[in-house]
Amino acid sequence: MQAILFITFISNALKLVAMGFFILSAYKGTFSGGGSNTVFVGVAVLTVVIVITHIIDELRRNHS
């Protein structure tokens, strides 16, 4: 039971970190002269993390 809570916590923490990184990269790309590549990297990281955490959540649900 504690392992499931730990995995859920890590999954949610990864999502929050990815969202923060996306916001930071979008800000830098838009206002700090980082360019569109910075925004695209933020979108790519956010997408990968969402897909990975979705897979982890599905595996967790199937084993519960």
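This text gives an overview of the structure that appears in the document. Quantities reported herein were computed from a predicted structural model and do not represent experimental measurements.

Thoughts on helix α2 (residues 36–63)
With 28 residues, α2 ought to run about 40 Å at 1.5 Å a step, and its terminal C-alpha atoms sit 41 Å apart, in line with that. Along its buried surface, α2 packs onto α1 (2–31).

So, α1
Between its first and last C-alpha, α1 extends 43 Å over 30 residues, near the 44 Å set by a 1.5 Å rise per residue. Listing the buried residues of α1 in full gives S11, A18, S25, A26 and G29. Here the buried face of α1 lies against α2. Among the residues trailing α1, G33 stands out with phi positive, at a value near 75 degrees.

Observations regarding the packing of aromatic side chains
Each aromatic ring pair is summarised here by two numbers: the centre-to-centre distance and the angle between the ring planes. Under the definition given, this model contains one aromatic pair. Measuring from centroid to centroid gives 5.4 Å for Y27 and F31, while their planes differ by 45 degrees, and the two rings are tilted. Of this pair, Y27 and F31 both sit in helix α1, separated by four residues, roughly a single helical turn.

Some words on the pattern of salt bridges
Applying the stated criterion across every chain yields a total of two salt bridges. Here K15 and D57 are joined by a salt bridge, their closest N and O atoms 3.4 Å apart. Of the two residues, K15 sits in helix α1 while D57 sits in helix α2, which places them 42 residues apart along the sequence. Residue R61 is joined to E58 by a salt bridge in which the shortest nitrogen-to-oxygen separation is 2.6 Å. Taken as a pair, R61 and E58 lie in helix α2 at a separation of three residues, close to a single helical turn.

Structural notes on the environment of S36
Residue position: S36 is located in helix α2. When the C-alpha atoms of S36 and S25 are compared, they prove to be 9.6 Å apart, with eleven residues separating the residues in sequence.

What counts as what
- Residues numbered from 1 in each chain as written.
- Predicted model: local features only at pLDDT ≥ 70, side-chain atom pairs only at ≥ 80, totals over all residues.
- Heavy atoms only, no water.
- Helix = DSSP H or I, 4+ residues; strand = E, 2+ residues; numbered from the N terminus.
- Expected span 1.5 Å × (residues − 1).
- Contact = heavy atoms within 4.5 Å.
- Buried < 20%, exposed > 50% of the residue type's maximum accessible area, 1.4 Å probe, protein only.
- Phe/Tyr/Trp six-rings, centres within 6.5 Å; stacked < 30°, edge-to-face > 60°.
- Salt bridge = Lys/Arg side-chain N within 4 Å of Asp/Glu carboxyl O.

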